Amino acid sequence: MVEKQAMVRTLAAIDQFDRGNGVVTRLFCNEAICGAQVTTGTTSLPIGKSVAMHHHNCDEQIVILSGKAETEFEGQRRAVGPMEVVFIPAGQVHCFHNVGTVPVEMLFIYDAGEVTRTFAATGETVVHLGAGDRAQPAR
């Protein structure tokens, strides 16, 4: 574990991950980077794209920074727009869809320093932003 210390991470230092289908995630802070027991960053979801139904090993908050999305959980889709927040408890299957005319930019906050994603369709569990963490899992 990295020792916790105050820091500023510039845009040039923030890693960008291509998650397939045009979905791009930037990782701000987690246990490995900041020694934090929280994981934060942003995801850009292109027009008309979705992420697969999945759940995490921890609670998640998503703040929509821009664009128009729908979140899906408990068999329902719910509209969510700029500066609105979605809270998803650990283990709750969910996903997001871009239903607008511009990319959706969302801030994610996980209450764990190490995060996993389990795809509902396959049961496969992957490390957050690891090689298998795609917007849509391999079939």
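Everything numeric here is computed off the predicted structure, so don't read it as measured data. (Residues numbered from 1 in each chain as written. Predicted model: local features only at pLDDT ≥ 70, side-chain atom pairs only at ≥ 80, totals over all residues. Heavy atoms only, no water.)

A separate point is the state of the cysteines. Here the structure, examined in full by the defined rule, presents one disulfide. Each sulfur of the disulfide joining Cys29 and Cys34 lies 2.2 Å from the other. Take Cys29 and Cys34: they sit in the same class, and that class is buried. In this structure Cys58 is not part of a disulfide, and its nearest cysteine sulfur, from Cys29, lies 14 Å away. Overall, Cys58 belongs to the buried group, its relative accessible area being 4%. In this structure Cys95 is not part of a disulfide, and its nearest cysteine sulfur, from Cys58, lies 17 Å away. According to the relative accessible area criterion, Cys95 is buried, its value standing at 1%. (Disulfide = S-S within 2.5 Å. Buried < 20%, exposed > 50% of the residue type's maximum accessible area, 1.4 Å probe, protein only.)

Right, let's get into the packing of aromatic side chains. Evaluated as defined, the whole model comprises one aromatic pair. Between Phe108 and Tyr110 the ring centres are 5.3 Å apart and the planes differ by 45°, which places this aromatic pair in the tilted class. Residue class for Phe108 comes out buried when judged on its relative accessible area of 2%. Overall, Tyr110 belongs to the buried group, its relative accessible area being 2%. In this structure, Arg78 is placed above the aromatic ring of Phe73, and the distance from its NZ or CZ to the ring centre is 3.9 Å. (Phe/Tyr/Trp six-rings, centres within 6.5 Å; stacked < 30°, edge-to-face > 60°. Lys NZ or Arg CZ within 6 Å of the ring centre and 35° of its normal.)

With the exception of glycine, most residues fall at negative phi, and the peptide bonds are largely trans. One non-glycine residue, Glu74, lies in positive phi territory at about 55°. Relative to the elements of secondary structure, Glu74 occurs in the loop between strand 6 (69-73) and strand 7 (76-80). The phi torsion at Met83 lies on the positive side, around 65°, for a residue other than glycine. Within the fold, Met83 resides in the loop between strand 7 and strand 8 (85-88). The class for Met83 is exposed, based on a relative accessible area of 62%. (Helix = DSSP H or I, 4+ residues; strand = E, 2+ residues; numbered from the N terminus.)

A separate point is the sheet that holds strand 10 (residues 104-110). Strand order in the open sheet formed by six strands is 1-2-3-10-5-8, and the pairing between neighbours is antiparallel. Every other strand in the sheet has two partners, leaving strand 1 (16-18) and strand 8 as the edge strands with one partner each. Shown here is a sheet whose adjacent strand axes are inclined to one another by a mean of 25°, direction ignored. In this structure, strand 5 (residues 60-66) lies alongside strand 8, joined through four bridges in antiparallel fashion. The residue bridging Glu60 from the neighbouring strand is Ile88, located in strand 8. (Pairing = 2+ DSSP bridges. Axes fitted to C-alpha atoms, helices over the stretch in contact; angles between N-to-C directions.)

Nothing here speaks to function; it is geometry throughout.
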